[in-house]
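A closer look at the structure
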Amino acid sequence: MLQEESDLSLTIAQIVQKLKGSNLYAQLERQAWGSWEKRILKSLNSMCTELSIPLARKRPVGEQKELLNKWNEMGTDEPDLSLFRPVYAPKDFLEVLINLRNPNYENGDSLSFRTHLGLIQVPLKVKDIPELKEFFVELGLTTGQLGIDDSTQVPPELFENEHVRIGQKVLVEQDSAAAQQYIRQGSPTALRAELWALILNISSQPEDILYYEQLKTNVIQHDLLVDSLIYKDVKLTASNDDYYFVFEDYLYQVLLCFSRDTSVLAHFAYNSASPPKSYIRGKLGMEEYAVFYPPNGVIPFHGFSMYVAPLCFLYHEPSRLYQMFREMYVRFFFRLHSISSHPSGIVSLCLLFETLLQTYLPQLFYHLREIGAQPLRISFKWMVRAFSGYLATDQLLLLWDRILGYNSLEILPVLAAAVFAFRAVNLMEVTSLAAAEAVLADLSTLKVMPLLQIFLFATVT
Amino acid sequence: MAGKVKWVTDIEKSVLINNFEKRGWIQVTENEDWNFYWMSVQTIRNVFSVETGYRLSDDQIVNHFPNHYELTRKDLMVKNIKRYRKELEKEGSPLAEKDENGKYLYLDFVPVTYMLPADYNLFVEEFRKSPSSTWIMKPCGKAQGKGIFLINKLSQIKKWSRDSKTSSFVSQSSKEAYVISLYINNPLLIGGRKFDLRLYVLVSTYRPLRCYMYKLGFCRFCTVKYTPSTSELDNMFVHLTNVAIQKHGEDYNHIHGGKWTVNNLLYLESTRGKEVTSKLFDEIHWIIVQSLKAVAPVMNNDKHCFECYGYDIIIDDRLKPWLIEVNASPSLTSSTANDRILKYNLINDTLNIAVPNGEIPDCKWNKSPPKEVLGNYEILYDEELAQGDGADRELRSRSGQSLGSKGGRSRDSGRTVLTTWK
C-alpha cells in the first residue's frame, strides 16, 4: 500500500511538474521570442535611421508607373542595395536557440537529458527511431517509393505505373485526405502541382486572383523598407542558385506582395510569436498608433526567398504561385524561424537531430564535438531552409512531398542525421569545423529517399 | 601490346589534359609516333588534305571525321538534310510523308533556310510570302555567335543579292557565304527568357551508324527577358544564347553562368504534363539521329575517327524542337565550376568509349564498347542492333502510335530515353 501511495504521489508530482513546466514553456517561449523580436526590430529601426529611409512611404505617381512597367522583370536594373544588410541570418537565430534555458531544468523528469551533449538545452520531447519508424511507416522497405522505385533499373510495372494511376484517381475525385496519404510515397512529377494544391485546399477562385492583384496594387503604391531587404535577399541567394536563378523575377512578385498581406497575421494565433509592431512617427509607445510592420508581420531573413523558389518549378501563374507559397508558409515554414515547443518547431527539430545523432551515431557525434564541430552548427542552415538550395530540385520536391504527406517537418532532422550517417566515414577523419563543413558542403548529388530509408529502416541500432 | 598511349593535342584545355594524365598516357609531339590526337578542326583539315598525304596507322585515332563539315557547316548541314528528305520521298518512304500544306510530318526539324548569295532569289520569293517575318543571318564558317544578325527588311541584306552591283567575285568565296533561316520568334520561354539546349552526341562510326547521347546536357539562358519586338532585333543579349555573347551582358552571373542542367527541365513536366514532355524529348532524339543519317552516306567513315558533337536545339512555345546547328568542336572552356566538372566527365566518358580500356588502340576493333564503360552516355542509335530488330518498328512508331511504356518514362531526373523506334 505504501509503495502504491508513494508511486501515486510521484505520479501526481510529475503531472504537476508537467503542467507547471508547460506553463513555463509558454512563458519561456514568450520571453525568448520577446527579446529576439526586440533585437530584430531594433536592427530594422537602426538601419532605417542610418540610411534615412522611412519604414514605409507612398510612391510618387511617376515611380508607380515605372514599377508597373517593369513588374515582370524587377530583377534587372535594381536599386543600390549595397548599404542594406539582412536583418539576421540563420546562424544568428541559432545562437538565440542555443541560449534558451528552461529554469526548471534541474527538476526535469527526463534523466537522460542531463547527458545531452548537443547545443540545445531545452528538454522537449522528441521521437526516437522506433517512434519515427511508426510515424513514417510508409517510408519502409516494403513500400514502394518515388525517389527509389522509379529509377531506370526498376520496371515501371512493379510500382510506378500503378502509383501514377492512383494519383490520377485521387485528383479526379478531389479527395484531399486521400491525396495526403498518397503523397507519402512521393508524387509523380506531372501530378505534383495539383496534388499539393489539393492537399493544402488551394483552389484558384476569381476572388483569390483579385486579392493578389490588390496586393500587387499595394506594392505599386507604397514602398516598404522590407522591399529592399527582399531584393537583397533574392540577389544574394536565389539569383546565384544553379536551379532557381531562372525564376528570379517571380520571387519579387511573390515576396513583395507577401509582405503586404495582412491575412498572414492570422497565423500568429497559433504561432507563439507575435508580429513585430512599429509606431507612427512621434507616437512611440502609444498603442492606438501601433501598426504591424511589415503588414504581414514577417520580417524576412537571409535565405527567406528560398522558401518560394522551389515552388516556381510547379506554378507559373503568379497568383497561384503566391497562394501556394502563402499557405506553405503559414502551415509549415513559419515554424522554422520562430521559437515554440511544437514538435515541428525549429527547437524540437534541432533537438531531434542532435538526439538522433548522439544516440545512433555516438562515435561520430563525440568526434565532431571534440574537434569543435557541433553537428547542429552545420545542419541548422539546412533545416531552417527545409533544404531548399542544398538539394537538387527533383530531390527537394520529393522531400517536400513527405512534409505535406505527414503534415510535419520532422523529416528534416531525420534527413539531416541521415546525411551525417552517409558521410560518416569522411567525417570521422576531419579535424576541424571547416573541414567538416567542406565534407558536407555539397548535397546536390544526394538521393533523399534511399538515405531516409536506410537510416530509419535498415540501420542496425 | 603493352605500353602507354601516346597523346598529342593542339587544344590547351585542362579538362582534356587532366583526363590524359589521369590515365597515365604519355604526351608527345605530333612529329613523333602518337596513338591519340585530339585536334582542332584546322588541324584535321591538314591531316586529311590531299596535299599532305597523311596516312594514319592502325594504332592511331583522331577525334574528328575528315569531312565532318558536311554536318557541322551550317550550309552543308541544311543541304544534306534537304537531299536526304528528297531521297526518302523518291523511295516512297513513309518517313517523308507530308501534310496538306506540303510540310514534312516527321522531317521538318530545320527552320526554312537558304544559302546566300546562291539562293538569293529563292529567298526573296519566300520572304515576300510573309513580309513581317524575321530572319536570322549566320556566316557559314564562324562560331560563338560571331557575325550573326537579325533582319526583317530585304534592304538589310542587299549586299548578298546576286545581281547587286556591290557584289564581286570575292563575296562568292566560302568566307562570305551566309545562311539565312526563318527566325524562331516564338521560343519556349522559362522565367520569361529564351534558352537553347546544348546536347553532346558521340559518333563512333557512321556506317553502321552508332551514336551515343550524353545524359547531362544543359540549357543556356539569355540574361535579358525575351521580346519579339522589332525595336530589340539588334539586342543580341535577347536573342543569342551563346555564352561567348551573354557573358558580356550586364546581368551575366559568373556563379551559374546562365546555365541550367537538362534535369531541370522537369519544370516542363511539372507544368505541362508528362505526355507532351516525353514527346518533346523523343523528338529531340529523333532529330539528332535523322541528322546523322542524313550525312552518313557522304561522310568519310574513316575507321581512325570518332567525333563528339555539340548539338544546339531550340524549343518553340508549341514544344517543338528545332535543330539549329551542330558543332564539331564544342567548347571545352569552363564558365563555372559545375561546367568544368561536366566537361571533365564528358571527356572522360568519351575517351572510355573511343579508346577501349585506355590501351593503345587498334582502329580495326568493332567499336562496340561494353555497357559498363558508357558512363553518362546512353546509346542513342545503333544501326546494327536496329537492323537486327527489323526496320519496320521504326515506321510503326513514327506513324503516331503511342510510344509505349519505355518511351513514356518520366523525365524527372533528365534521363534520356531509349525510344521505341530503334
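Residues numbered from 1 in each chain as written. Chains lettered and ligands numbered in written order. Predicted model: local features only at pLDDT ≥ 70, side-chain atom pairs only at ≥ 80, totals over all residues. Heavy atoms only, no water.

An unreviewed UniProt entry annotates chain B as Polyglutamylase complex subunit TTLL1 of Rhinolophus ferrumequinum. Turning to chain B, the UniProt record has this under Subcellular location (unreviewed entry): "Cytoplasm, Cytoskeleton, Cilium basal body". In its Sequence similarities (unreviewed entry) section, the UniProt entry covering chain B states "Belongs to the tubulin polyglutamylase family." (UniProt positions renumbered as here; feature names shortened; annotations may be inferred.)

You'll find chain A entered in an unreviewed UniProt entry as TBC1 domain family member 19, with Rhinolophus ferrumequinum given as the organism.

Counting its regular elements, chain B contains 13 helices and 16 strands. Counting every position in chain B, which comprises 422 residues, the buried fraction comes to 57%. Looking at chain B alone, contacts between residues at least 24 apart form 71% of all its contacts between residues at least 6 apart. A total of about 18700 Å² of accessible surface is found on chain B, and carbon and sulfur atoms cover 51% of it. (Helix = DSSP H or I, 4+ residues; strand = E, 2+ residues; numbered from the N terminus. Buried < 20%, exposed > 50% of the residue type's maximum accessible area, 1.4 Å probe, protein only. Contact = heavy atoms within 4.5 Å. Areas by Shrake-Rupley, 256 points an atom, 1.4 Å probe, with all protein chains shown as cover.)

To continue, consider the interface of chain A and chain B. Opposite the 30 residues of chain A that make contact, chain B presents 27 residues. Here chain A packs against chain B, burying approximately 2500 Å² in sum over the two surfaces, 51% of which is carbon and sulfur. Here chain A and chain B share one salt bridge between them. Viewed at the interface, chain B and chain A are joined by eight residue pairs in polar contact (both at pLDDT 80 or more). At the level of secondary structure, the elements contributing two or more residues to the side of chain A that touches chain B comprise α10 (248-258) and α15 (393-406) of chain A. Of the residues belonging to the side of chain A that touches chain B, the class tally is 13 nonpolar, nine polar and eight charged. (Buried area = accessible area lost by both parts, 1.4 Å probe. Salt bridge = Lys/Arg side-chain N within 4 Å of Asp/Glu carboxyl O. Polar contact = N/O pair within 3.5 Å; in protein donor to acceptor, adjacent residues only side chain to side chain. Nonpolar A, V, L, I, M, F, W, Y, C, P; charged D, E, K, R; others polar.)

What follows deals with the sheet that holds strand β4 (residues 61-62) of chain B. Residues and elements named next belong to chain B. The strand order across the open sheet built from four strands is β2-β1-β3-β4, with neighbouring strands paired in parallel fashion. Because the sheet does not close on itself, it has two edges, and the strands there are β2 (26-27) and β4. Pairing geometry for strand β3 (residues 36-38) and β4, over two bridges, is parallel. Its bridge partner being in β4, Phe 36 is matched across the sheet by Ile 61. Seen against the sheet, helix α1 (residues 14-22) touches β1 (6-9) and β3 and runs at an angle of roughly 175° to β1. (Pairing = 2+ DSSP bridges. Axes fitted to C-alpha atoms, helices over the stretch in contact; angles between N-to-C directions.)

Residue and element names in this part refer to chain B. In this structure, Pro 117 follows Leu 116 across a cis peptide bond, with omega equal to 5°. Within the element layout of this structure, Pro 117 appears in the loop between β5 (113-116) and α5 (120-129). That bond from Arg 207 to Pro 208 is cis: its omega, 0°, falls within 30 degrees of zero. Within the secondary structure layout, Pro 208 lies in the loop between β10 (193-205) and β11 (210-214).

Inspection of the secondary structure assignment puts Ile 403 of chain A in helix α15. When sequence neighbours within four positions are dropped, the list of residues in contact with Ile 403 of chain A reads Phe 332, Ser 408, Leu 409, Ile 411 and Leu 412 of chain A.

So, about the packing of aromatic side chains. In this structure the tally under the stated criterion is 53 aromatic pairs over all chains. With 4.5 Å between their ring centres and 10° between their planes, Tyr 307 of chain A and Phe 333 of chain A make a pair best called stacked. Taken together, the positions of Tyr 307 of chain A in the loop between β4 (290-292) and α11 (318-331) and Phe 333 of chain A in the loop between α11 and α12 (346-360) put the pair 26 residues apart, joining distant regions of the chain. By relative accessible area, Tyr 307 of chain A is classed as buried at 1%. Taking the centre distance of 4.9 Å and the plane angle of 70° together, the rings of Tyr 214 of chain B and Tyr 377 of chain B count as edge-to-face. Remark: Tyr 377 of chain B occurs in strand β16 (residues 377-382) and Tyr 214 of chain B occurs in strand β11; sequence separation between them is 163 residues. (Phe/Tyr/Trp six-rings, centres within 6.5 Å; stacked < 30°, edge-to-face > 60°.)

This brings us to empty space enclosed by the protein. In the structure shown here, the tally under the stated rule is 14 cavities of 30 Å³ or more. Quantified by volume, the largest cavity comes out at close to 350 Å³. As for the largest cavity, its lining consists of 26 residues, and the residues nearest its centre are Ile 136, Lys 138, Leu 240, Ile 314 and Ile 324 of chain B. Looking at the lining of the largest cavity residue by residue, the classes come out as 14 nonpolar, five polar and seven charged. Its boundaries defined by the atoms lining it, the second largest cavity holds a volume of some 160 Å³. In this structure, the second largest cavity is lined by 19 residues; those nearest its centre are Trp 33, Gly 297, Val 298, Ile 299 and His 337 of chain A. (1 Å grid on protein atoms, 1.4 Å probe; cavity = no way out; pocket = protein on both sides within 12 Å on 5 of 7 lines; lining within 4 Å. Points joined across faces, edges and corners; volume = space filled by probe spheres on them.)

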